[in-house]
Amino acid sequence: MTTTTRAQDAAYNTIPVSVITTCYGRNRHLYNLLASLAQGSVRPREVVIVNDDAEAERLADYDLNIIKIATTTATEHGLTSSASFDIGRNRNLGAARASYEAMIFLDVDCIVAYDFIDGLYDKLQTHPDALLMGQPRYLTRPLTDDEGSQLQQGQMASDALDQLSVFNPYRDNFTQQRNDNIDTNIKKTQDYGAFWSLCFAIMRHQFERVGGFDTDYIGYGAEDTDFAFMARALDIDFYLTNDVVYHQQHSVYRPPLNHLDSIVINANRFYDKWQHWPMAGWLAAFTQLGLIDWQEAQTVPIEILRQPSSAEIDAAHCSAAPYV
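Residues numbered from 1 in each chain as written. Predicted model: local features only at pLDDT ≥ 70, side-chain atom pairs only at ≥ 80, totals over all residues. Heavy atoms only, no water.

Chemist: Looking at this structure, how should I read the packing of aromatic side chains?
Modeler: Each aromatic ring pair is characterised by the separation of its centres together with the angle its planes make. A complete count under the given rule lists 18 aromatic pairs for this structure. Between Tyr192 and Phe238 the ring centres are 5.5 Å apart and the planes differ by 40°, which places this aromatic pair in the tilted class. With Tyr192 in the loop between β11 (186-188) and β12 (199-203) and Phe238 in strand β13 (residues 238-247), the pair connects residues that are 46 residues apart, well separated along the chain. The exposure class assigned to Tyr192 is buried, which follows from its relative accessible area of 4%. Seen in terms of ring centroids, Phe195 and Phe200 are 5.1 Å apart; in terms of plane orientation they differ by 75°. Their pairing is edge-to-face. (Phe/Tyr/Trp six-rings, centres within 6.5 Å; stacked < 30°, edge-to-face > 60°. Helix = DSSP H or I, 4+ residues; strand = E, 2+ residues; numbered from the N terminus. Buried < 20%, exposed > 50% of the residue type's maximum accessible area, 1.4 Å probe, protein only.)

Chemist: Could you clarify how one ought to interpret the packing of helix α9 (residues 223-233) against helix α10 (residues 260-274) in this entry?
Modeler: Between two packed helices, both the angle of their axes relative to each other and the distance between the axes serve to describe the pair. The interhelical angle for the contact between α9 and α10, taken along N-to-C directions, is 10°, at an axis separation of 11 Å. It follows from the interaxial angle that α9 and α10 lie roughly parallel. Residues Thr225, Asp226, Phe229, Met230 and Ala233 of α9 form the contact with α10, whose own contacting residues are Phe270, Lys273 and Trp274. Its residues placed into classes, the contact of α9 with α10 shows five nonpolar, one polar and two charged. (Axes fitted to C-alpha atoms, helices over the stretch in contact; angles between N-to-C directions. Parallel < 35°, antiparallel > 145°, perpendicular 65-115°, else oblique. Contact = heavy atoms within 4.5 Å. Nonpolar A, V, L, I, M, F, W, Y, C, P; charged D, E, K, R; others polar.)

Chemist: For this particular structure, what's the right way to read the nonpolar core?
Modeler: Generally speaking, nonpolar side chains in soluble globular proteins are found buried as a group. Of all hydrophobic cores here, the largest spans 95 residues; its most connected members are Leu34, Leu37, Leu106 and Phe116. In terms of residue count, the dominant contributor to this core is helix α2 (residues 27-38) (seven residues). (Core = buried A, V, L, I, M, F, W, Y, C linked by side-chain atoms within 4.5 Å.)

Chemist: How should I be thinking about the state of the cysteines in this particular structure?
Modeler: Chemically, a disulfide is nothing more than a covalent bond linking the sulfur atoms of two cysteines. Across all of its chains, the model carries zero disulfides by this definition. Unpaired in terms of disulfides, Cys199 finds its nearest cysteine sulfur in Cys110, a separation of 5.5 Å. The exposure class assigned to Cys199 is buried, which follows from its relative accessible area of 0%. (Disulfide = S-S within 2.5 Å.)

Chemist: What's the story with unusual backbone geometry in this structure? I'm lost.
Modeler: Excluding glycine, most residues fall at negative phi; most peptide bonds, likewise, are trans. The omega angle of the peptide bond from Arg254 to Pro255 is -10°, so this bond is cis rather than trans. Among the structural elements, Pro255 can be located in the loop between β14 (252-253) and α10. Here Asp235, not a glycine, exhibits a phi torsion of approximately 60°, which is positive. Note on placement: Asp235 falls in the loop between α9 and β13. Even without glycine at this site, Met279 takes up a positive phi of about 55°. Relative to the assigned elements, Met279 resides in the loop between α10 and α11 (280-288). On the basis of relative accessibility, which here comes to 17%, the residue Met279 falls in the buried class.

Laid out in structure tokens, this is it:
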């Protein structure tokens, strides 16, 4: 489905970039993301949503060229069945459908700063063979309905979002000060483990060279780092940029006990491929709880010793946390 509510290039400053996001059951976040894209300094030429359940009537509220890709599959009885939400597979589907060479991938819980698309696109034109990642800030509470309306009407400034958000102290962050000199707003890094697909840009030829996201990873964990390690193996430069997205708050688990099975499966897959253990902090936390027996120096697959109890999972739940 393509939704175009206004003639774009004639009336608005759009740029030839495909924004790709994937969503299921997070439509409140999706609508805030679309509002921020529609109110930016420039608009992407298209927004590809790999999604089952966004409301067509709501999508028509945004002055964006929206392409919606359903992830339902037909059964032998003619009914539809929702495909499992495989974020790597869905990102690959979005990239395959994208019309433009320049692609910006955003998680559905992003809100882009006013100049995010413009800034990241310009840097991608300067470094067309590189992998670029934006700068996340984390909202300390969900936006209210009134704030969501202000965002849609272009009445919520980045300063207000800055005041509602914080940096993740465990990540490499740019300072809050911005500089018109692009060279101070981008930095090359060898820390490919810092890559997070929350907000990144890449040209189609390099995405295809990487092979997209490895769909042998299941559920939650490690597919981001695998993508970055493949880029490193191919000598694709990796840059961090100061182009800001605001991460919309949602509940998290510290550690993510609700994803124990997929994290262990994916960690084993990753080690077998790269001889390096990903998600070491989570694996150490699971070991401390006696769920697994893992050491960073080990070379054999991780085995689950026991499943967490409901009480342990409940205790790990954080309903109001800006970041994991």
